[in-house]
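One letter stands for each residue in the lines below.
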Amino acid sequence: MTGRRASKRDPKFVMSRPVLLARFRDGVAARPTAPAVSDAVRALDHAALARASARVAEAIRAAGGEEPGGRVVLLCGHRVEAIAALLGALEADRAIVPLPVHEDDAVLASLARDADARVWVVDASQAARARALADAIGGAAAPAIALDDELVVFGSVGSRAEPERSTPDRPDPLVDADALLAILYTSGTTARPKGVMTTAASALERARQYREASGLTAGGRQAAITAWHFAASLPEVWGALLAGAELCLYDARERGVDGLPEWLRERGIGWLQLPVSMARRMLVGLGPGALAGVRFVSISGDRLRRREAVALLEAMAPDGVLLHTYGSSETNLIAQSALRLPDVDCPVESEAGFLPVGRPVAGKRVHVLDEHGEAVARGAIGRIAVESPLLSPGYWRQPERTAERFRRAQAGGRLFLTDDFGRLRLDGCLELTGRDTTQVKVRGMRVDLAAVEAQLLALDGVAGAAVALRTRSAGGAARDGEDDRRGGDRDRRDVRGDRDDDERLVAWIEPVAGVDLDTTGVRRALQRRLPAHWLPARFVFVDALPWTPSGKLDRRRLPDPGSERPRLGVAFAPPRDERETWVCAKWAELFALESVGRDDDFFDLGGDSLLLLEMLTGIERETGRPISLGALEGLPTPARIAALLRRESERAGAGGAVGADGDAAGREGEGRSEPEGGIGIAGEGAALRYLGVRAAPRAKASLPRRLQRGLKQSLRHPLRGAGPIVFGRPLAYERGFGLHRRVARVLAPLPLFRGRLRAIDAWHARLGLDADPARARLRSFMANTWGEWRLRALEDAEAFARTVAIEGGEQLDALADSGRGIVLVVTHVYWNALLRRLPALRKRPFALVRQPKGGRFGGGEDAVATARAEQLQTAVRVLAQGGVALIAGDAGRGREAVEIAFHGVPRRFRLGAATLAESTGALLVPVFSRLEDDGRIAFRFEAPLVSEAETPPVRIRDRTERYAALYAEHWPRIFDSLGWKNVRRALDPPEGW
């Protein structure tokens with residue numbers, strides 16, 4: 001029956017399950033008494049293994065019926081039973097589904113339920129567990145224990161309820177019963193497990209590649225360390241079985257990595273495959289010649305440094321070969337390079353000393369693509385895609401996910417999009433730079449976790465490192481950043497600002513044995529290697545990092561950073577007085593720590609410059625004592641902050657404790673009331689606010705001079721702070737607008753405003769407009785006055801609908817439905833606050849950002865600390881929630897800007913809006929507003945600005961240039977609706993503007 005099916009199959013499935021089984025049987029016939037497989041308890045020769053696998057196949061058929069193509073769950077550790085089960089499933093025409101025995105029951109139940117296997121094959125140690133799992137998911141037909149002349153059956157075929165099947169057993173028409181070898185679940189931590197379908201053709205090809213590269217032949221001893229549910233186990237198992245070599249099983253989870261070198265020597269292992277992470281651990285304390293019997297090592301799973309490769313080769317046999325490989329479960333082997341001494345020192349381009357993974361293997365074509373799926377230039381970094389006829393058919397019962405990752409190549413073949421980023425060097429080698437899953441955002445800026453880990457591993461004394469994004473709550477607990485992303489405005493305003501919950505980078509470090517590391521030293525070393533916003537906020541030092549059964553880092557088991565004081569370079573020093581005690585308590589609350597010493601550095605505790613600004617603002621809010629960054633005279637510590645508070649208190653003559661200072665500041669403003677409208681002004685501050693002047697607290701000028709300045713400001717902007725507001729209520733917009741027009745016709749010709757309106761006339765003439773310049777002057781006067789009344793009068797929904805006109809409404813609705821954050825780039829007019837009340841945007845959180853006048857937007861030591869740092873932080877959080885950030889992004893001086901010829905004058909457009917959109921993944925949407933003659937306020941929404949450039953800096957400049965061109969295009973319709981200051985500067989720009 002098997003041969004008859006094979007003869008009718010398409011030629012591309014010539015390497016099917018029957019062929020794989022036939023090649024194994026040929027080896028059994030040639031070497032029946034040669035050792036085949038061994039573990040810590042027993043060993044089987046090839047004939048005994050064939051007999052055991054036949055018994056397993058018979059049990060599978062009896063339990064699951066005669067129909068081929070079903071699935072068999074394998075729950076077995078590194079025992080000979082597992083190899084018999086793999087061969088038994090192959091002989092029974094079933095696909096094997098290996099499950100990780102060290103996973104918890106909930107994950108295993110989820111995987112088994114998804115696989116919907118009818119038969120379970122287990123070893124004796126997993127029998128009771130398998131019965132419980134089978135019952136939990138609805139029963140299983142016949143899990144069996146083989147190799148001890150006993151078959152234990154759980155339940156019965158007749159009593160098993162058949163589940164409803166939404167999809168057929170054969171999910172892809174290209175995958176027939178003989179093609180599908182296994183379903184390998186690469187992750188059980190996502191909402192739905194991802195099972196990669198693996199074909200016999202792929203396994204045969206991988207075994208052939210391994211045998212050719214390693215020289216493995218009959219009589220050799222191949223170590224088997226990789227867990228069965230990983231694709232990396234394919235070359236170990238099938239390479240040895242088809243070569244006639246002995247497969248020696250080693251359970252690294254139970255026996256430990258430290259004992260691996262001794263086991264290799266005792267068993268005389270010549271061939272070995274390891275993940276890079278396990279190799280790093282094994283190399284600790286491993287001297288030259290320690291693995292003199294090992295002739296070949298295949299290493300995969302991560303990038304490899306040259307010094308690590310040299311150390312491993314020096315430990316191996318003198319003529320040993322180290323095969324550096326790169327692949328995935330979906331593609332199997334992609335690229336490899338054979339390293340030998342002394343020519344291992346091939347060119348290295350990465351700063352951390354990583355070797356390239358080699359050249360693509362035969363049958364695999366590697367593409368490096370940009371975000372639009374187009375090929376990047378040679379040497380440029382992009383997403384790695386693999387084209388091959390031997391790709392996985394896809395993900396088990398996940399057609400949508402399969403369609404997303406498996407594409408059609410331009411030449412008609414199949415293409416798989418990996419999660420990895422890298423570049424093809426000029427010498428043809430593939431260099432990895434990171435993974436998509438390691439790209440995270442911290443305060444809206446991208447961070448490559450793999451790059452941070454690489455720099456940590458490059459430090460002396462670091463044996464292992466892991467970096468992850470964790471969310472810190474006010475209570476001190478840390479959670480995975482992907483599981484809890486909260487933001488938005490918060491009412492609490494203490495020294496934490498609005499950071500009751502925030503995301504931070506946490507680094508876990510395993511020091512080399514005998515080396516004492518601390519946060520201060522590690523952080524100082526990283527400062528010279530990484531951008532400031534890439535620096536971890538917390539460093540957790542552990543005796544050993546957690547590992548998965550396959551030897552990869554188990555990020556789910558990384559310990560919680562906790563609330564203990566970090567291991568710093570200074571000893572704990574308790575506070576000496578009341579002020580130091582107060583500051584230490586505030587910092588402990590800020591960082592969710594149990595204690596903080598008086599000499600602890602703010603940055604070593606996990607702070608950054610943005611949080612430092614928030615902390616100083618919070619202290620000023622509570623004490624009334626301003627503290628400037630320049631007065632710190634060194635790194636901020638509680639002792640220095642307390643000394644500055646003491647100095648400010650003595651200068652003010654208070655002399656009391658911190659609490660007294662704070663109370664005094666709180667009482668300072670009592671007894672003052674703020675009017676509801678423009679009548680009955682009470683208090684100096686309220687009077688100035690009514691006149692449109694923002695009074696600074698405790699200004700040195702006398703009251704008459706302040707009132708004089710306020711009156712002058714009020715006359716220059718008549719009625720701006722109040723307008724036609726009677727008894728606290730604004731006039732209806734239509735009536736108020738008529739009144740406004742009459743007032744404007746009287747006041748606009750006065751000498752007080754003549755200079756401002758002269759700029760309107762000059763622009764009118766320069767633009768060569770045919771319209772009446774007097775109308776432009778009148779419109780400009782009205783646009784620049786009575787702004788508060790305009791906002792208040794349009795609070796009424798009906799008035800808003802009548803008076804606010806939207807151009808590009810369909811475009812706005814599409815933006816709102818996208819679910820993405822939106823950066824609105826607006827012109828300098830007072831009523832842009834009305835945008836937050838548009839129906840399409842009303843339910844979204846809003847943030848207002850003003851660009852700094854000098855330097856790069858988001859510039860500073862850590863690309864965040866600017867004069868607008870708090871606004872920027874709020875905007876980033878709002879955009880992360882799909883909200884809207886409003887930013888006035890037209891022109892202004894700065895080192896980084898796009899300069900264009902703007903209607904006869906040079907004009908510089910800052911990069912801030914495009915930078916904010918690029919760093920947060922938000923849409924960048926220009927909005928141009930103007931005042932119509934009839935009093936309507938018109939908003940024009942343009943299409944989002946996009947760029948297809950390859951790098952973020954180029955995309956930022958490209959999008960800014962597009963905005964500048966649009967601004968110049970709209971200028972003839974909007975210049976008389978802008979603030980007079982901006983119109984004058986556009987007419988006669990100051991130096992550097």
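Residues numbered from 1 in each chain as written. Predicted model: local features only at pLDDT ≥ 70, side-chain atom pairs only at ≥ 80, totals over all residues. Heavy atoms only, no water.

Asks: Could you give an account of the overall build of the protein, with specific residues and numbers?
Replies: Scanning the protein for helices and strands turns up 31 helices and 36 strands. Considering only intrachain contacts with a sequence separation of at least 6, the fraction spanning at least 24 residues in the protein is 69%. Accessible surface, the protein: about 42800 Å² in total, of which carbon and sulfur atoms supply 50%. (Helix = DSSP H or I, 4+ residues; strand = E, 2+ residues; numbered from the N terminus. Contact = heavy atoms within 4.5 Å. Areas by Shrake-Rupley, 256 points an atom, 1.4 Å probe, with all protein chains shown as cover.)

Asks: Explain the packing of helix H23 (residues 751-767) against helix H24 (residues 773-783) residue by residue, including any values.
Replies: Following both chains from N to C, one finds H23 and H24 inclined at 130°, their axes separated by 9 Å at the closest point. Relative to H24, the element H23 lies oblique. Taken as a pair, H23 and H24 cross one another with a handedness that is right-handed. On H24, the residues that touch Phe-753, Leu-757, Ile-760, Asp-761 and His-764 of H23 are Pro-773, Ala-776, Arg-777, Ser-780 and Phe-781. Of the residues assigned to the contact of H23 with H24, the class counts are six nonpolar, two polar and two charged. (Axes fitted to C-alpha atoms, helices over the stretch in contact; angles between N-to-C directions. Parallel < 35°, antiparallel > 145°, perpendicular 65-115°, else oblique. Left-handed = near helix turned anticlockwise from the far one by under 90°. Nonpolar A, V, L, I, M, F, W, Y, C, P; charged D, E, K, R; others polar.)

Asks: I'd like a rundown of the pairing of strand E35 (residues 923-931), residues and numbers included.
Replies: In terms of burial, E35 is a largely internal element, nine of the nine residues being buried. Burial along E35 is two-sided: the face carrying Leu-923, Val-925, Val-927, Ser-929 and Leu-931 and the face carrying Leu-924, Pro-926, Phe-928 and Arg-930 are both buried. Bridging between strand E30 (residues 822-826) and E35 involves four bridges; their strand directions are parallel. In the sheet register, Ile-822 faces E35, and the bridge partner there is Leu-923. Sheet analysis places E35 next to strand E36 (residues 937-941), joined by five bridges and oriented antiparallel. Across the sheet, the residue bridging to Arg-930 is Ala-938, located in E36. Here E35 hands over to E36 after five residues, with Gly-935 in that stretch at a positive phi of 95°. (Buried < 20%, exposed > 50% of the residue type's maximum accessible area, 1.4 Å probe, protein only. Pairing = 2+ DSSP bridges.)

Asks: Please set out unusual backbone geometry residue by residue, giving values where relevant.
Replies: Here the amide bond leading from Leu-341 into Pro-342 is cis, since omega sits at 5°, within 30 degrees of zero. Among the structural elements, Pro-342 can be located in the loop between strand E14 (332-339) and strand E15 (359-360). Backbone geometry at Arg-397 places phi at a positive 55°, although glycine is not the residue there. Following the sequence through the fold, Arg-397 ends up in the loop between strand E17 (382-387) and helix H13 (399-405). Residue Trp-786 is not a glycine yet carries a positive backbone phi of 55°. Note on placement: Trp-786 falls in the loop between H24 and helix H25 (787-793). Accessibility expressed as a relative area gives 3% for Trp-786, which makes it buried.

Asks: Let's hear about the packing of helix H4 (residues 80-91) against helix H8 (residues 233-243): which residues, and what values?
Replies: For any two helices packed against each other, the geometry is given by the interaxial angle and the distance between the axes. Running from amino to carboxyl end, H4 crosses H8 at an angle of 75°, the nearest separation of the two axes being 12 Å. By the criterion of interaxial angle, the relationship of H4 to H8 is roughly perpendicular. Residues Ile-83, Leu-86, Leu-87 and Leu-90 of H4 touch H8, and the partners they reach there are Val-237, Trp-238 and Leu-241. Across the contact of H4 with H8, the residue classes break down as seven nonpolar, no polar and no charged.

Asks: Lay out the packing of aromatic side chains in plain terms, naming residues and giving numbers.
Replies: Scanning the entire structure with this criterion turns up 23 aromatic pairs. Residues Phe-902 and Tyr-967 carry aromatic rings whose centres are separated by 5.9 Å and whose planes lie at 45° to one another, so their mutual orientation is tilted. Here Tyr-967 lies in helix H30 (residues 952-974) and Phe-902 lies in strand E33 (residues 897-902), a separation of 65 residues in the sequence. Each member of the pair, Phe-902 together with Tyr-967, is buried. Taken together, a centroid distance of 6.2 Å and an interplanar angle of 75° make the contact between Phe-909 and Tyr-963 edge-to-face. Highlighted residues: Phe-909 in strand E34 (residues 905-910) and Tyr-963 in helix H30, separated in sequence by 54 residues. Judged by relative accessible area, Tyr-963 falls into the buried class, the value being 3%. (Phe/Tyr/Trp six-rings, centres within 6.5 Å; stacked < 30°, edge-to-face > 60°.)

Asks: Requested: an account of the nonpolar core, with residues and values cited.
Replies: Among the nonpolar cores identified, the biggest contains 82 residues, and Trp-763, Leu-824, Leu-835 and Trp-971 are the most heavily contacted of them. In terms of residue count, H30 provides more of this core than any other element does, eight residues in total. Setting aside chain neighbours within four positions, we find Trp-971 in contact with Trp-763, Leu-767, Phe-902, His-903, Arg-907, Leu-978 and Ala-986. Ala-84, Ala-200, Ala-203 and Leu-216 belong to the second largest nonpolar core, which has 56 residues in total. (Core = buried A, V, L, I, M, F, W, Y, C linked by side-chain atoms within 4.5 Å.)

Asks: Explain the side chain of Arg-844 residue by residue, including any values.
Replies: Summarising the element assignment, Arg-844 is placed in the loop between E30 and strand E31 (846-850). At 2.5 Å, the side chain of Arg-844 forms a polar contact with the backbone oxygen of Gly-882. Contact partners of Arg-844, with chain neighbours within four places excluded, come to Leu-815, Ala-816, Asp-817, Gly-819, Arg-820, Ile-822, Gly-882, Gly-883 and Val-884. (Polar contact = N/O pair within 3.5 Å; in protein donor to acceptor, adjacent residues only side chain to side chain.)

Asks: So what's going on with H24? Residues and values would help.
Replies: By the burial criterion, the buried members of H24 are Ala-776, Leu-778, Arg-779, Ser-780, Phe-781, Met-782 and Ala-783. Those residues of H24 that are buried are in contact with helix H22 (733-747), H23, H25, E35 and helix H31 (980-987). Residue Asp-772 occupies the N-cap position of H24, its side-chain oxygen lying 3.1 Å from the main-chain nitrogen of Ala-774.

Asks: Account for the environment of Leu-74, with residues named and values stated.
Replies: Position of Leu-74 relative to the elements: it lies in strand E3 (residues 71-75). Each C-alpha atom, one on Leu-74 and one on Leu-86, is 8.1 Å from the other, the two residues being twelve residues apart in sequence. Setting aside its immediate chain neighbours within four residues, Leu-74 contacts Ala-82, Ala-85, Leu-86, Ile-96, Val-97, Pro-98, Leu-99, Val-121 and Trp-228.

Asks: Help me get a handle on helix H16 (residues 578-590), residues and values and all.
Replies: Taking 1.5 Å per residue as the helical rise, H16 with its 13 residues ought to reach 18 Å, and the 18 Å between its terminal C-alpha atoms agrees with that figure. Listed in full, the buried residues belonging to H16 are Arg-579, Glu-580, Trp-582, Val-583, Cys-584, Lys-586, Trp-587, Ala-588 and Leu-590. The N-capping residue of H16, defined by a side-chain oxygen 3.2 Å from the backbone nitrogen of Arg-579, is Asp-577. Just beyond H16, the residue with positive phi is Ala-592, at close to 55°. (Expected span 1.5 Å × (residues − 1).)

Asks: I'd like a rundown of the pattern of salt bridges, residues and numbers included.
Replies: Counted according to the given criterion, the structure contains 36 salt bridges. Note that Lys-586 and Glu-622 form a salt bridge whose closest N and O atoms lie 3.1 Å from each other. With Lys-586 in helix H16 and Glu-622 in helix H17 (residues 609-623), the pair connects residues that are 36 residues apart, well separated along the chain. Take Glu-622: its relative accessible area is 28%, and that puts it in the partly exposed class. Among the ionic pairs, Arg-775 bridges to Asp-933, the shortest N-O distance being 2.1 Å. Here the residue Arg-775 occupies a position in helix H24, and Asp-933 occupies one in the loop between E35 and E36, the gap between them amounting to 158 residues. Within the structure, one salt-bridge network assembled from shared partners comprises Arg-280, Asp-302, Arg-305 and Glu-308. (Salt bridge = Lys/Arg side-chain N within 4 Å of Asp/Glu carboxyl O.)

Asks: Could you give me a rundown of the pairing of E34, with the residues and numbers involved?
Replies: Among the six residues that make up E34, five are buried, leaving the element largely enclosed by the rest of the structure. Bridge count for E33 against E34 is six bridges, and the pairing is antiparallel. Bridge assignment links Ile-900 to a residue of E34, and that residue is Arg-907. Connecting the antiparallel pair E33 and E34 is a turn made up of two residues, with His-903 showing a positive phi of about 50°.

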